[in-house]
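The primary structure of each chain is shown beneath.
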Protein chains: 2
Amino acid sequence: MSELRRDPISGRWNIIDTTQPVGPEGFEVEPPMQSAGKCPFCYGNEAMTPREIYAVRPQGGPPTGPGWNLRVVPNKFPALQIEGDLGRRGLGVFDLCNGVGAHEVIIETPEHDRQFADLSVPQVAEVIRAYIARSLDLRGDRRLRYTLLFKNYGLSAGATLEHAHSQLIALPIVPKRVQEELQGAGRYFDFRERCSYCDVLHQELQEDERVVCENRSFVAYCPYVSSFPFETWILPREHRGDFAKITPDTVTDFARILKETLGRLRTVLGNPPYNFVIHTAPIEPREREEYHWHVELIPKLTKIAGFEWGTGFYINPTPPELAAKHLREAAWVPAAV
Amino acid sequence: MSELRRDPISGRWNIIDTTQPVGPEGFEVEPPMQSAGKCPFCYGNEAMTPREIYAVRPQGGPPTGPGWNLRVVPNKFPALQIEGDLGRRGLGVFDLCNGVGAHEVIIETPEHDRQFADLSVPQVAEVIRAYIARSLDLRGDRRLRYTLLFKNYGLSAGATLEHAHSQLIALPIVPKRVQEELQGAGRYFDFRERCSYCDVLHQELQEDERVVCENRSFVAYCPYVSSFPFETWILPREHRGDFAKITPDTVTDFARILKETLGRLRTVLGNPPYNFVIHTAPIEPREREEYHWHVELIPKLTKIAGFEWGTGFYINPTPPELAAKHLREAAWVPAAV
């Protein structure tokens, strides 16, 4: 018989198939993307992107030229635009406002054929520092309430270009999903006077059934209430709501575990499409003591169907215990750096 | 500039691209499924399914033989099982219970190559009567709290067989998504002393910009806060929370608008994969005066990516006004019956 498991933070129940669990061999993984035409993210094509906002250029040089390790540019087809008033207003029973916000692309490497998981730890750390720098910079804009950092890798995970990149979207509202997390974590905090994420982490480490890998500052594990096969979360050991305030030391540890987790997923699943999202506290003056920033990483292996749309929860054919076992036991050689 | 639009019931904000809207020609539609091997839903293969629960057999005959127009059978690979105790219990910070529930398949026609949208109005009405009969029957089981009826059509909408069928899953809990709807509708009801769905319907009919088609008992429209391109909802004009309590007259009108809406979607988009879900009130003695049952129909045209996972809301490249215009103006010949 399957199990229904309930997440203490979101209140979401998922159905986990514990009787006929599906291992890594049970999923068909789509082949890597190959987009045609000149790549706007490659060396020499800098003029194809909108004007550079941030870059790592060890030897200096103009923002339109090569010689960079990393660039941040506005998205050429932005979901939101930075200019203009919010103009929040009603329309009968509905509400609307203008699509004000930021939509940026972090080009993670000049090398077209290099995946994020193949970057060195210092290179990944460079990407994380770009995330932090852009997050902090956008806080100066009083219209913005939330900064979302995420990566789509592969066609069915929503990527449109294969050259390694991640995205930042800053929003004038706190997203529904984040509000739910804050409310859930808040209820737990009120009841137990402890952080729910810290408690989950403590239990995961104690049970040691779903942990994938860990280092001084982070733990990667497949959550007890995983919605998807091989879903993996990365939690900092240190209780902190705001991702952008992590210390330089933690940045390197974060780079290390992110690279290791992606590497293990690739070894076990053979280069699947995936999304990762950094869940962090909203932009606001007060510190959210009930919140704990983290990464949710979802390999794209299953389809979303009517059941999921109707219920808001998921049927997961791979128990997280099995997923973690495969990921933990995968051959993985840590980088020299 | 794009628009951020807020749904008054769920509180969800979606980003609607009103500047460079994408019409039907902008989407690539996957080819129809073709599964290999003997089809368990065809005439003569009745023994390939678990034992029949319900059927329409105009000439009578045994449950294992042909001569039927429609059959309901347990899912051969059920997400939940009807036998056993719920056994709800804690596991440290988590909760779990056994996967108790029902998972049934409604085989809508014996004809393998006939799509749901091609069935006659009386045949679609037969399917709806099967939905109602199964919903009412399962209410006798005190462990169950919710009955979800839905259809996955096409590979990327999660279907595994192409022979026309829909599914029923009865759950021992009220799903998160339904709870959110009930809470949202309840807040609105408390505040305005009216049904939020009735108010939305009233406004949609008045503005007449997003209505696709209508008949005596139902209105199909593309919601103002559509999450997906060409998303279409079907709302009964009559305020009622419980789908299973609709009158025989209404069943025919429902069949008619469901067929018309699917036909229009196919004309405009060229046979896209889709999901539809019947949203109805939970199984409970009290009548939910704040709730209004309805159908949400989502053609599968876009990918879910990191932004959607992180925020719980959606970037929709096709404004519902444009989608509704295309659907409304599509050549559509009503069935003779």
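Residues numbered from 1 in each chain as written. Chains lettered and ligands numbered in written order. Predicted model: local features only at pLDDT ≥ 70, side-chain atom pairs only at ≥ 80, totals over all residues.

Q: Whenever I open this one, helix α3 (residues 196-207) of chain A confuses me. Can you help?
A: Since the α-helix turns once every 3.6 residues, residues separated by three or four places project in the same direction. Residue and element names in this part refer to chain A. Compared with an ideal rise of 1.5 Å per residue, which puts twelve residues at 16 Å, α3 spans 16 Å between its outermost C-alpha atoms and is within 8% of the ideal. Residues of α3 that are buried include every one of S196, Y197, V200, L201 and E204, and no others. The buried side chains of α3 occupy one side of the element, clustering within an arc of 135° when seen end-on. Against the buried residues of α3 lie α2 (176-192), β10 (211-214), β11 (218-221), β12 (232-236) and β14 (294-299). (Helix = DSSP H or I, 4+ residues; strand = E, 2+ residues; numbered from the N terminus. Expected span 1.5 Å × (residues − 1). Buried ≥ 20, exposed ≤ 12 C-beta atoms within 10 Å, placed from the backbone. Arc of directions from axis to C-beta. Contact = placed C-beta atoms within 7 Å.)

Q: How should the confidence of the model for chain A be read in this particular structure?
A: A low pLDDT means the predicted coordinates there should not be read in detail. Residue-level pLDDT values for chain A average 94, and 99% of them are 70 or greater. Here the prediction assigns the complex a pTM of 0.94, and the interface score ipTM is 0.91. (pLDDT = per-residue confidence, 0-100.)

Q: When you look at the sheet that holds strand β5 (residues 89-91) of chain B in this model, what are you seeing that I'm missing?
A: Sheets are built from strands that pair by backbone hydrogen bonding, the pairs being arranged parallel or antiparallel. Pairing is mixed across the open sheet formed by five strands, whose spatial order is β15(A)-β2(A)-β1(A)-β6(B)-β5(B). Edge strands, defined here as strands with exactly one partner in the open sheet, are β15 (315-316) of chain A together with β5 of chain B. Note that strand β2 (residues 13-16) of chain A and β15(A) share two bridges and pair parallel. Within β15(A), the residue paired with I15(A) across the bridge is I315(A). (Pairing = 2+ DSSP bridges.)

Q: Quick question: what am I supposed to make of the environment of D190(B) here?
A: All names here are of chain B. Examined against the element boundaries, D190 turns out to sit in helix α2 (residues 176-192). Residue classification places D190 among the exposed residues on the basis of 9 C-beta atoms within 10 Å. Sequence spacing of D190 and R12 is 178 residues, and the spatial spacing of their C-alpha atoms is 19 Å.

Q: Help me understand the interface of chain A and chain B in this model?
A: Many descriptions give the size of an interface as the accessible area lost when the pieces come together. Taken together, the contact pairs 57 residues of chain A with 57 residues of chain B. When its residues are assigned to classes, the side of chain A that touches chain B shows 29 nonpolar, 17 polar and eleven charged. In the sheet, strand β6 (residues 94-98) of chain A pairs with strand β1 (residues 3-6) of chain B via four bridges, with the strands oriented antiparallel. Within β1(B), the position partnered with C97(A) by the bridge is L4(B). (Nonpolar A, V, L, I, M, F, W, Y, C, P; charged D, E, K, R; others polar.)

Q: I would appreciate a short explanation of the sheet that holds strand β3 (residues 54-56) of chain B in the present structure.
A: All names here are of chain B. Within the open sheet, the ten strands sit side by side as β3-β4-β7-β9-β8-β13-β14-β12-β11-β10. Their pairing is antiparallel. Each of the sheet's edge strands pairs with one partner strand only, and the pair in question is β3 and β10 (211-214). Neighbour-to-neighbour, the strand axes of the sheet open up by a mean angle of 20°, direction not taken into account. Where helix α6 (residues 320-329) meets the sheet, its contacts fall on β10, β11 (218-221) and β12 (232-236), and the angle it forms with β10 comes to roughly 35°. (Axes fitted to C-alpha atoms, helices over the stretch in contact; angles between N-to-C directions.)

Q: I would appreciate a short explanation of the relation of the copies chain A and chain B in the present structure.
A: Both copies of the chain are related by one operation, a rotation about an axis with a shift along it. For the pair chain A and chain B, the relating rotation is 180°, the translation along its axis is 0.0 Å, and the fit reaches an RMSD of 0.0 Å. Interpreted geometrically, this transformation is the action of a two-fold axis. Scanning chain A for the C-alpha nearest the rotation axis identifies I304(A), at a separation of 4.4 Å. Both copies present the same face, since 100% of the interface residues in chain A are matched by interface residues at the equivalent positions in chain B. (Least-squares fit on C-alpha atoms with pLDDT ≥ 70 in both.)

Q: Before we go on, may I ask you to explain the pairing of β11(A) in this structure?
A: Taken residue by residue, a regular strand's side chains alternate between the two faces of the sheet. All names here are of chain A. Pairing of β10 with β11 involves three bridges; the strand directions are antiparallel. Within the sheet, the bridge partner assigned to E214 lies in β11 and is V219. As paired elements, β11 and β12 share four bridges and run antiparallel to each other. In the sheet register, Y221 faces β12, and the bridge partner there is W233.

Q: Teacher, can you tell me more about the pairing of β12(A) here?
A: All names here are of chain A. With five of five residues buried, β12 lies mostly within the body of the structure. Side chains T232, I234 and P236 of β12 all project onto a buried face; the interleaved residues W233 and L235 project onto the opposite face, where all are buried too. By the bridge criterion, three bridges tie β12 to β14 in an arrangement that is antiparallel. Residue pairing in the sheet places I234 in a bridge with V295 of β14.

Q: Would you mind showing me how to read the packing of helix α1 (residues 121-138) of chain A against helix α4 (residues 248-269) of chain A here?
A: If you want to describe how two helices pack, look at the angle between their axes and the distance between the axes. All names here are of chain A. In the contact formed by α1 and α4, the axes pass within 8 Å of each other and the chain directions differ by 115°. With respect to their mutual orientation, α1 and α4 come out roughly perpendicular. In the crossing of α1 with α4, the sense of the turn from one axis to the other is right-handed. Taking contact as the criterion, the partners of V121, V124, A125, I128 and R129 in α1 are, on α4, V251, T252, F254, A255, R256, L258 and K259. Residue classes in the contact of α1 with α4 are distributed as eight nonpolar, one polar and three charged. (Parallel < 35°, antiparallel > 145°, perpendicular 65-115°, else oblique. Left-handed = near helix turned anticlockwise from the far one by under 90°.)

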